[in-house]
Amino acid sequence: MSKPEESEENWISALDNLCSQLNVDPAAAEKSKKSFLEIKRNYTLDGDIQHWMACALYVACRTSITPTVQSGKVVEGNCVSLTRLLRLCNISLIQFFNKIKNWMEMALMSTDFKDRITRLEHKFAVSTVLFRKFLPIFQELFSGLTSEPTKCNTKSKKQKLQPCTTNALFEFSWCLYVCVKGEFHNSADDLVDMYHVLLSCLDFVFGNAFMSRRIDLINPAFKGLPPDWMKDDFELPKKPPCIISVLCEIKEGLAVEAATMKEYSWRPVIKSFFDKGILKGNSDQLTGLLDIGNFDANLKSLNNLYETYVLSVGEFDERIFLGEHANEQIGTKKVSGEEISQVIASFGPSGRACPDTPLTGRCYLAGREELTPVSEATNSLARLAAYLRNTKPFPSASLMRLFAECGVTEDVINAKVIKPCNGWAEQFSKSLRESKCSNEAITFRNNMVLCLYFKVFEHIIREEHRKKPQVSLQVFIQMLLSQETYQLTVFACCTEVVLHAYGVNSLRFPRVLQIYGLSAFHFYKIIELVVQALVDKLSRDVIKHLNAVEEEVLESLVWTSDSPLWDQLSKTPVPASTEVYVQESPLFRRNIGVIDRYLAPIADQAKKQLFKDNIKPGQSLLVQTNTTVKPDTVCPSPTSNGETTPNSTPKKAHNSLILFFRKFYSLAVVRMIDLCTRLRLTDEELKRKIWTCLEYSVMHQTQLMRDRHLDQILMCAVYVICKVSNNPNNQVERTFADIMKCYRQRPLADNHVYRSVLIKQSTGENSPERGDLINFYNKVYVQCMQSFALRFTGKHKDECGLSPLPAGRGDAACSPAGQRVSERHQLYVKPLTTPPHTDHHLTYRFSRSPAKDLHAINTLVSCEVGGVKRCAEGGDVIKRPRCAAPGVARKLQGLVSDRQAV
């Protein structure tokens, strides 16, 4: 098909020719031409125009309705082959996915259609990964595979039928696999499940070759063969052998999961294929598929079945991997072995087969391992299964003893723990049934959630008691059992862990919130506690996923109109960032637990103050003087009337709200600094201006966040501050194009954030108005923020004070915990940003304080703690009477040992 010239007549002619070759119905053809011309007039379509025609025609075909022979029955789409469409338009699958994304944005396609394309991309990535696993496993089982394409058997009746070759068996095995996979509509893109289906398929094909005594096909070096296989007097067993365990051992599978999939998912489908006449052979033993006279008919039947399936669902033809020109049609270079191609690097869950690492929560991640997508997925499930080994789906003996010690009766346990869990498990089972999971798989996954729930539940109780020993354990457990919301959030988080470990894409987050009717505002509170409980038990991928889930909740889900957050904000105003960051002990953040997140209603919040460093070199800080230390200029909190007030002691506020905004501000500042770095905005004062503008919008124009995304408000703040701060001597202005380009480079960024922004809420029958980020900025953001932003021009009479940048999560130097200096002990150091405000602190500043100050501190520690003292001469440890807690003395003893070892 030649490239058309730049005229509407030629475009229409080319589209008509394309529709004719594909036998497209008139309605869909007219729809495709209309949409193509409209998009072509309003946008510049780069590249080959045929590629855009393919997008227009595919959308028109998939959104049309085709009547069937049965009265009143219709099907979506018009049975046009995507593979043939792409071949005629000379566009590869990867090029098509890139183009169709842009086309959907220009054509304002529905969210449902976008989700369908995303699912198709994910399925494509999963199929690519699995085909790369299929080839080496097949060669492990069978010998004689060549690179020559399979030739069709068009033999005459007089010609003698020949046994199938290894190449023909290779094609048959993959066709059988994709046909069976097509029966699992809702889980066909779940990597772990489909990998185990693939292993079941190879086990099934091997069993048929084994029972047919195909020595010419089976690799004699395969370790799953009996030792006397090659002997002439070898006696075949009555049933085909099962090699699932052998395959899992050598090819990264999970034996229990694979065996369950084979028995309860694979076999029923194969049995139905025999019953329907799709496969011919021994229907009792499910063998005889490779016999002469059956094989060719079976291969033809499978191809016809899959052809019908592909046309009905409008998906790409997975047999494309078998073709001689597969790499050209897919859009990849030729690769070998386990090398991951551009397909896997470009597509998959959340846009990639291996999701990016979130900006926050990286302190919980273990070192990176070099894993393939399949091994990463199976590793996550294997680690989870190992952690839950020998556990039961009910409270453990140790948890029951803990309940008994605290006076919790069995009736209370049944009413407050067991019964709610059974109800939630049933809700989870219902969702799995909708995903076409077998009853055995549902039971297995439900039990896994329950086992994980009770282990996490017990861990949190013990950890909470360790953090807050002053709280009676009996009182604490009674409080927990009375908080059903807390228990539900733990159960939901455990469900999310299991779903992610299995790779259930159809139930990906935030589907778990819908399953249990749980709000994102309540759900976020438990995520970090679960991460702390499981950080050493689960794979890096699962912990990374939970971090990403927490970010998704904080950035958008918690700001939806139906969120309980708005009820709290109607009673308590949004606090400033300086009010939510408190000065506490280095372990303060780690000591935030269930009591702070769920149970403590009100708590006084201290506030950081920044002071000037007026200390002269050599001046002792241990001697009180009459000199008054003047505070630095602290950013006053901007008020709604445009005035600024100094940050005095904050009012009492709901503890959970304070903790929420601490996390929210931490996420916001990390993303702001990341975006500024990518935009090459290095001036610290400019960053403080952007932060002050962003903080003001959250505090005093909070409605901007309703049903919107943190990044939308952040990008607007960056744009407006750069614009008003720009001058000839400081060229900092950035366009929205620059900002969005840098935003796309951030981990887990989604272009949907700036392409679809809420402009106006729905009113009555009218649907909500949405537009791109620039549209939102001009219509909404400027109206709310213009007067405040103008105060940063330097020309305004009422200039605004700047808020200090809060410490971002993961910033070791500025985080509440500081930097840990010993793996054996919880000892942290950090820069001194706030002078001590009590008489019990002694301060020493390196290169400034005299030596006598350090000696005084050592003396005080030795006398007050009393646990250990190091002599000046020999460094020996001298025991002294204890004057403080034994635990502190033990820690100091350990630290002295560490230092002596060095």
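Residues numbered from 1 in each chain as written. Predicted model: local features only at pLDDT ≥ 70, side-chain atom pairs only at ≥ 80, totals over all residues. Heavy atoms only, no water.

Undergrad: Just to check I follow, could you spell out helix 18 (residues 473-482) for this structure?
TA: At 3.6 residues per turn, the α-helix brings residues three or four places apart onto the same side. Here helix 18 has its buried residues at Leu 473, Phe 476, Ile 477, Leu 480 and Leu 481. Along helix 18, the residues classed as buried sweep out an arc of 130° about the axis, all on the same side. (Buried < 20%, exposed > 50% of the residue type's maximum accessible area, 1.4 Å probe, protein only. Helix = DSSP H or I, 4+ residues; strand = E, 2+ residues; numbered from the N terminus. Arc of directions from axis to C-beta.)

Undergrad: What is the right way to read empty space enclosed by the protein from this model?
TA: In total, this model carries five cavities of 30 Å³ or more according to the counting rule given. Here the second largest cavity defines a volume of roughly 80 Å³. Lining the second largest cavity are Phe 184, Ser 187, Asp 193, Met 194, Met 261, Ser 265, Lys 436, Cys 437, Ser 438, Ala 441 and Arg 445. Taken together, the elements giving at least two residues each to the lining of the second largest cavity come down to helix 8 (191-211), helix 10 (255-275) and helix 17 (439-467). (1 Å grid on protein atoms, 1.4 Å probe; cavity = no way out; pocket = protein on both sides within 12 Å on 5 of 7 lines; lining within 4 Å. Points joined across faces, edges and corners; volume = space filled by probe spheres on them.)

Undergrad: Just to check I follow, could you spell out the packing of helix 14 (residues 373-387) against helix 19 (residues 484-502) for this structure?
TA: Contact geometry of helix 14 with helix 19 gives a least axis separation of 7 Å together with a crossing angle of 140°. What the angle tells us is that helix 14 and helix 19 run oblique. Within the contact between the two elements, helix 14 uses Ala 377, Ser 380, Leu 381 and Leu 384 and helix 19 uses Val 497, Val 498, Ala 501 and Tyr 502. Its residues assigned to classes, the contact of helix 14 with helix 19 shows seven nonpolar, one polar and no charged. (Axes fitted to C-alpha atoms, helices over the stretch in contact; angles between N-to-C directions. Parallel < 35°, antiparallel > 145°, perpendicular 65-115°, else oblique. Contact = heavy atoms within 4.5 Å. Nonpolar A, V, L, I, M, F, W, Y, C, P; charged D, E, K, R; others polar.)

Undergrad: Sorry if this is basic, but what is going on with the packing of aromatic side chains here?
TA: A ring pair, where both rings are aromatic, is described by two values, the distance of the centres and the angle of the planes. Throughout the structure, instances matching the rule amount to 55 aromatic pairs. Ring geometry for Phe 124 and Phe 316: centres 5.2 Å apart, planes at 80°, overall edge-to-face. Pair noted here: Phe 124 is in helix 6 (residues 111-141) and Phe 316 is in the loop between helix 11 (295-313) and helix 12 (326-330), with a separation of 192 residues, a long-range link. Of the two residues, Phe 124 and Phe 316, both sit in the buried class. Ring centres of Tyr 453 and Phe 454 lie 5.2 Å apart, and the angle between their planes is 65°; on these two criteria the pair is classed as edge-to-face. Take Tyr 453: its relative accessible area is 0%, and that puts it in the buried class. One cation-aromatic arrangement involves Arg 445 over Tyr 502; the distance from NZ or CZ to the ring centre is 4.1 Å. One residue, Arg 706, lies across the ring of Trp 566, its end atom 4.0 Å from the ring centre. (Phe/Tyr/Trp six-rings, centres within 6.5 Å; stacked < 30°, edge-to-face > 60°. Lys NZ or Arg CZ within 6 Å of the ring centre and 35° of its normal.)

Undergrad: For this particular structure, what's the right way to read the nonpolar core?
TA: Most often, soluble globular proteins keep nonpolar side chains buried together rather than apart. Of all hydrophobic cores here, the largest spans 260 residues; its most connected members are Phe 36, Leu 176, Phe 661 and Tyr 781. Looking at this core element by element, the count peaks at 15 residues for helix 8. Setting aside its immediate chain neighbours within four residues, Leu 176 contacts Cys 201, Phe 204, Val 205, Trp 266, Ile 270, Leu 279 and Leu 302. (Core = buried A, V, L, I, M, F, W, Y, C linked by side-chain atoms within 4.5 Å.)

Undergrad: Which parts of the structure should I look at to understand the pattern of salt bridges?
TA: Any two side chains of opposite charge can pair, given that their charged atoms come close. All told, the structure shown has 28 salt bridges when counted by the stated rule. Across the pair Lys 114 and Glu 105 runs a salt bridge whose closest N-O atoms are separated by 3.7 Å. Glu 105 gets classed as buried once you look at its relative accessible area, which sits at 16%. Residues joined in a network through salt bridges with shared partners are Glu 551, Glu 555, Arg 671, Asp 711 and Arg 746. (Salt bridge = Lys/Arg side-chain N within 4 Å of Asp/Glu carboxyl O.)

Undergrad: Sorry, what's going on with helix 1 (residues 8-22) here?
TA: With 15 residues, helix 1 should reach 21 Å at 1.5 Å per residue; the first-to-last C-alpha distance of 21 Å fits that figure. Within helix 1, burial applies to Trp 11, Ala 14, Leu 15, Leu 18, Cys 19 and Leu 22. What you see down the axis of helix 1 is that its buried residues fit within an arc of 135°, all on one side. Away from its buried face, by an angle of more than 90 degrees, helix 1 presents the exposed residues Glu 9 and Ser 20. Those residues of helix 1 that are buried lie in contact with helix 2 (26-42), helix 3 (49-62) and helix 4 (82-88). Backbone geometry just downstream of helix 1 places Asn 23 in the positive-phi region, at approximately 60°. (Expected span 1.5 Å × (residues − 1).)

Undergrad: Even after reading the chapter, I still don't get the side chain of Ser 435, so can you show me in this structure?
TA: For Ser 435, the position within the fold is in the loop between helix 16 (410-434) and helix 17. Exposure remark for Ser 435: the relative accessible area of 6% places this residue in the buried category. For Ser 435, the contacting residues outside a window of four places in its chain are Asn 186, Ser 187, Ser 506 and Leu 507.

Undergrad: Is there a simple way to explain the state of the cysteines in this structure?
TA: Put plainly, two cysteines are in a disulfide when a covalent bond ties their sulfur atoms together. On inspection of all chains with the given rule, the structure shows zero disulfides. Left unpaired, Cys 494 is separated from the closest cysteine sulfur, that of Cys 493, by 6.3 Å. (Disulfide = S-S within 2.5 Å.)

Undergrad: Please explain unusual backbone geometry as it appears in this structure.
TA: The phi angle of most residues is negative, glycine excepted, and most peptide bonds adopt the trans form. Residue Pro 510 follows Phe 509 across a cis peptide bond; omega there is 10°. Look at Arg 680: it is not a glycine, yet its phi comes out positive at around 60°. Secondary-structure assignment places Arg 680 in the loop between helix 26 (655-678) and helix 27 (684-700). Not every positive phi belongs to a glycine, and Leu 748 is a case in point at roughly 65°. For Leu 748, the location among the structural elements is in the loop between helix 29 (736-744) and helix 30 (752-755). Residue Leu 748 is classed as partly exposed on the basis of its relative accessible area of 29%.

Undergrad: How should I be thinking about the packing of helix 17 against helix 21 (residues 520-534) in this particular structure?
TA: Describing two packed helices takes the angle between their axes plus the distance from one axis to the other. As a packed pair, helix 17 and helix 21 sit with axes 10 Å apart at the nearest point and diverge in direction by 95°. Compared by their axis directions, helix 17 and helix 21 come out roughly perpendicular. Contacts from Leu 452, Val 456, His 459, Ile 460 and Lys 467 in helix 17 reach Ile 526, Leu 529, Val 530, Gln 532, Ala 533 and Leu 534 in helix 21. Tallied by class, the residues present in the contact of helix 17 with helix 21 amount to eight nonpolar, two polar and one charged.

Undergrad: What should I look at first to understand the environment of Gly 277 in this one?
TA: Looking at where Gly 277 falls in the secondary structure, it is placed in the loop between helix 10 and helix 11. With 21 residues separating them along the chain, Gly 277 and Asn 298 place their C-alpha atoms 9.3 Å apart.

Undergrad: Can you walk me through the side chain of Lys 133 in this structure?
TA: Among the secondary structure elements, Lys 133 is positioned in helix 6. Among the residues examined, Lys 133 registers a relative accessible area of 6% and is labelled buried. A polar contact is formed between the side chain of Lys 133 and the side chain of Glu 252, at a distance of 2.8 Å. (Polar contact = N/O pair within 3.5 Å; in protein donor to acceptor, adjacent residues only side chain to side chain.)

Undergrad: When you look at the environment of Val 512 in this model, what are you seeing that I'm missing?
TA: As for its placement among the helices and strands, Val 512 is situated in helix 20 (residues 511-516). Exposure remark for Val 512: the relative accessible area of 0% places this residue in the buried category. Sequence separation between Val 512 and Ala 492 is 20 residues, and the spatial gap between their C-alpha atoms is 6.6 Å.

Undergrad: In this structure, what is going on with the environment of Glu 695? I would like to understand it.
TA: For Glu 695, the position within the fold is in helix 27. In this structure Glu 695 comes out as buried when scored by relative accessible area, which is 2%. In this structure, the C-alpha to C-alpha distance between Glu 695 and Ser 577, residues 118 residues apart in sequence, is 7.6 Å.

Undergrad: Looking at this structure, how should I read the confidence of the model for the protein chain?
TA: If pLDDT is low for a region, its predicted coordinates should not be looked at in detail. Of all residues in the protein chain, 74% attain a pLDDT of 70 or more, and the chain-wide mean is 80. Of the regions scoring below 50 in pLDDT, residues 68-74 engages in seven contacts with residues more than four places distant in sequence or in other chains. In this model, residues 820-826 is a region of pLDDT below 50 whose contacts with residues beyond four sequence positions or in other chains number 15 contacts. (pLDDT = per-residue confidence, 0-100.)

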